Amino acid sequence: MLKTDIQEMQADDLGCPGTCDSPADCQGTALCPVNLARPVATTPVPPMADEEDEPQSKHFTSTRNACKLCTPLGACLAFRGVEGCIPFLHGSQGCSTYMRRYLISHFREPIDIASSNFHEDSAIFGGSKNFSQGALNITRQYQPQLIGVATTCLTETIGEDMACLLHDLRKNHGDAAAPIVHVSTASYRGTHIDGFHSAVRELVAQLAVAGEKSSHVALFPGMVSTADLRHLKEILADFNLPLTLLPDYSDTMDGATWSEYEKLQSGGTTVASIRALGSAQATIEFGRTLENTKTGGTVLQTKFGIPRQLLGLPMGIRESDAFFSALAGIAGVETPVKYQRERGRLVDSLIDGHKYAFEKRAIVFGEEDLVIGLTALLCEIGVTPVLCASGGRSKQLEKCLRTAVPDLSEETLVKEGFDFAEIAEAAPESKPDFLIGSSKGYSIARRLKVPLIRVGFPIHDRIGGQRVLHLGYRGAQELYDRIVNALLEVKQETSSVGYAYL
Ligand code: SF4
């Protein structure tokens, strides 16, 4: 495969899979954030008569290096958190290549994402034939328990009637294709987090059935790391609460070595336990910005009357306290001593490291609920978040942030719908001591000569990005140690003496 300079730049800076031989060959649509972000040579459009005197800055720019990822990518990850489920993208082949590259680079695990492989004729006449052929091929090759279908920008733009396609598939081929859950994921309407939550909602809406009440707790954690998922399972087990964690990609995306190649890695939430969600005793859902969104938790609430608690991501002390107290309330027991001691050690370490972290300034970026959780933690350890930026557009970020972190300075800039170019423009004036977010912020940190604390998704330039623990007192402890040590390293490296004791 030839690699042009533009491809190198896409692959390194913008996250494009770089599979095209030239920019003109890109199989994504013009709506792809990768396309929007890159410099493609185009014939300049002459300004309209009434635009001629307007300054260039008034002209619409969609985004430059988006601080978000593509919507079906989140759905594909959620589907891989279900046992025996294969993601199937109805759309262009380039889209699935891009998503696979992103997920593989972060999780360092193979992931198959099937595609219905649109071509020019399907874009014009519809992809019904591709869709049914694809579903039958996938069933034959993978023998999945479930196919998770997500749509791409192209299929959404042409208005593909998915309900009709699914109906035709069953009418013409009966049960020859594996069971299907479908989610609509137009990337121009949301972010990877929206795609993730939508896929979880559809899994619940299309699979869960009513049943006799059980003691199970349904936990919808959102897009967290595999280490977070394992930690959540440990916590619920310590409360003696039977758990249905949806999704659970802690094994499928971070498993052990195989003795034989597994086409679909083992692990994940079983389809049977998703069906049984209708009989859960309670739901906990993470994501303060989901307040006005239809989610897996709201489906269980409205369809089966299951009480739902919507919490922030349990990051830092206060948000973790809220989570542990919710579990204690459901289980009717005190928080186990193990976690009380973890909390105590965390508080003790905040005192130890206070002199290093106090009054440092940070730029926080990433998906909205992660930004809220990180900001809560930073304020607790004495760091001033100077800019909190996200590519999401929930219209909830500032309100939720100020509710979760009442002591957040009025001067902190909170920005929704921001891209990396805007963060880079705002960064010098913010005078940060460090940045905290995904590895996509590296070039900004490098220009500012400040450390980047890598958290969230994606982390492409370090090993172990999938194993970063963010949640609970233990996660806060790990993040705190990393933040303070990064600051100490700067202090040491920039000192003319190079103190060995700090
Ligand atoms: S779904 Fe849309 S945003 Fe995602 S890769 Fe395809 S064209 Fe790009």
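Our structure is the block above this text.
Remember, predicted model here, so these are calculated numbers, not experimental data.

**Here we look at the packing of aromatic side chains**
With the rule as written, the count across this model stands at twelve aromatic pairs. Summarising the aromatic geometry, the rings of Phe107 and Tyr249 are spaced 6.1 Å apart at their centres and angled 80 degrees between planes, so their arrangement reads as edge-to-face. Here Phe107, found in helix α4 (residues 93-107), pairs with Tyr249, found in the loop between β6 (243-245) and α11 (271-275); they are 142 residues apart in sequence, far enough to count as distant. What makes Tyr249 buried here is its relative accessible area of 0%. Look at Phe196 and Tyr249: their rings are 6.3 Å apart centre to centre, the planes differ by 85 degrees, and that puts the pair in the edge-to-face class. With Phe196 in helix α9 (residues 192-207) and Tyr249 in the loop between β6 and α11, this residue pair connects regions lying 53 residues apart in the sequence. Per residue, the accessibility class of Phe196 equals that of Tyr249, and both read buried. The aromatic ring of Tyr142 is capped on one face by Lys263, whose charged end is 5.8 Å from the ring centroid.

**Topic: the state of the cysteines**
Considering all chains together, one arrives at zero disulfides under this definition. In this structure Cys379 is a free cysteine whose sulfur lies 7.5 Å from that of Cys388, the closest cysteine sulfur available. Note on Cys379: relative accessible area 16%, which makes it buried.

**Examining the pairing of strand β4 (residues 180-183)**
Of the two faces of β4, both are covered, the one formed by Ile180 and His182 as well as the one formed by Val181 and Val183. As paired elements, strand β3 (residues 146-151) and β4 share four bridges and run parallel to each other. Directly across from Ala150, in β4, lies its bridge partner Val183.

**Thoughts on the sheet that holds β3**
The strand order β2-β1-β3-β4 describes an open sheet built from four strands, whose pairing is parallel. Either end of the sheet is taken by a strand with one partner, and the two such strands are β2 (114-115) and β4. Across six bridges, the pairing between strand β1 (residues 85-90) and β3 is parallel. Paired with Pro87 across the two strands is Gly148, which belongs to β3.

**Some remarks on the sheet that holds strand β9 (residues 361-365)**
The five strands are arranged β11-β10-β9-β12-β13 in an open sheet whose pairing can be described as parallel. Looking at the sheet topology across the chains shown, the edges are occupied by β11 (413-415) and β13 (452-454). For this sheet, the mean inter-axis angle between neighbouring strands, taken without regard to orientation, is 20 degrees. Here β9 runs beside strand β10 (residues 384-389); their pairing, made up of five bridges, is parallel. Across the sheet, residue Ile363 finds its bridge partner in β10, namely Leu387.

**Structural notes on helix α19 (residues 472-493)**
Compared with an ideal rise of 1.5 Å per residue, which puts 22 residues at 32 Å, α19 spans 32 Å between its outermost C-alpha atoms and is within 8% of the ideal. When we look at burial in α19, the residues that qualify are Gly472, Tyr473, Gly475, Ala476, Gln477, Leu479, Tyr480, Ile483, Val484, Ala486, Leu487 and Leu488. Structurally, α19 contributes buried residues whose contacts are with α10 (226-238), α13 (316-331), α14 (337-357), α15 (368-380), β12 (434-437) and β13.

**Description of the packing of α10 against α13**
The N-to-C vectors of α10 and α13 enclose an angle of 40 degrees; their axes lie 10 Å apart at closest approach. In terms of orientation, α10 lies oblique with respect to α13. Crossing angle aside, the handedness with which α10 passes α13 is right-handed. Judged by residue contacts, Leu232, Ile235 and Leu236 of α10 engage Phe323, Phe324 and Leu327 from α13. Residue composition of the contact of α10 with α13, grouped by class: six nonpolar, no polar and no charged.

**Here's the deal with the environment of Ile372**
Relative to the helices and strands, Ile372 is located in helix α15. You can call Ile372 buried: its relative accessible area is 1%. As for Ile372 and Ala389, which are separated by 17 residues in sequence, their C-alpha atoms are 10.0 Å apart. When residues no more than four places from it in sequence are discounted, the contact partners of Ile372 are Arg288, Thr289, Leu397, Cys400, Leu401, Ala404 and Val405.

Definitions and cut-offs
Residues numbered from 1 in each chain as written. Predicted model: local features only at pLDDT ≥ 70, side-chain atom pairs only at ≥ 80, totals over all residues. Heavy atoms only, no water. Phe/Tyr/Trp six-rings, centres within 6.5 Å; stacked < 30°, edge-to-face > 60°. Helix = DSSP H or I, 4+ residues; strand = E, 2+ residues; numbered from the N terminus. Buried < 20%, exposed > 50% of the residue type's maximum accessible area, 1.4 Å probe, protein only. Lys NZ or Arg CZ within 6 Å of the ring centre and 35° of its normal. Disulfide = S-S within 2.5 Å. Pairing = 2+ DSSP bridges. Axes fitted to C-alpha atoms, helices over the stretch in contact; angles between N-to-C directions. Expected span 1.5 Å × (residues − 1). Contact = heavy atoms within 4.5 Å. Parallel < 35°, antiparallel > 145°, perpendicular 65-115°, else oblique. Left-handed = near helix turned anticlockwise from the far one by under 90°. Nonpolar A, V, L, I, M, F, W, Y, C, P; charged D, E, K, R; others polar.

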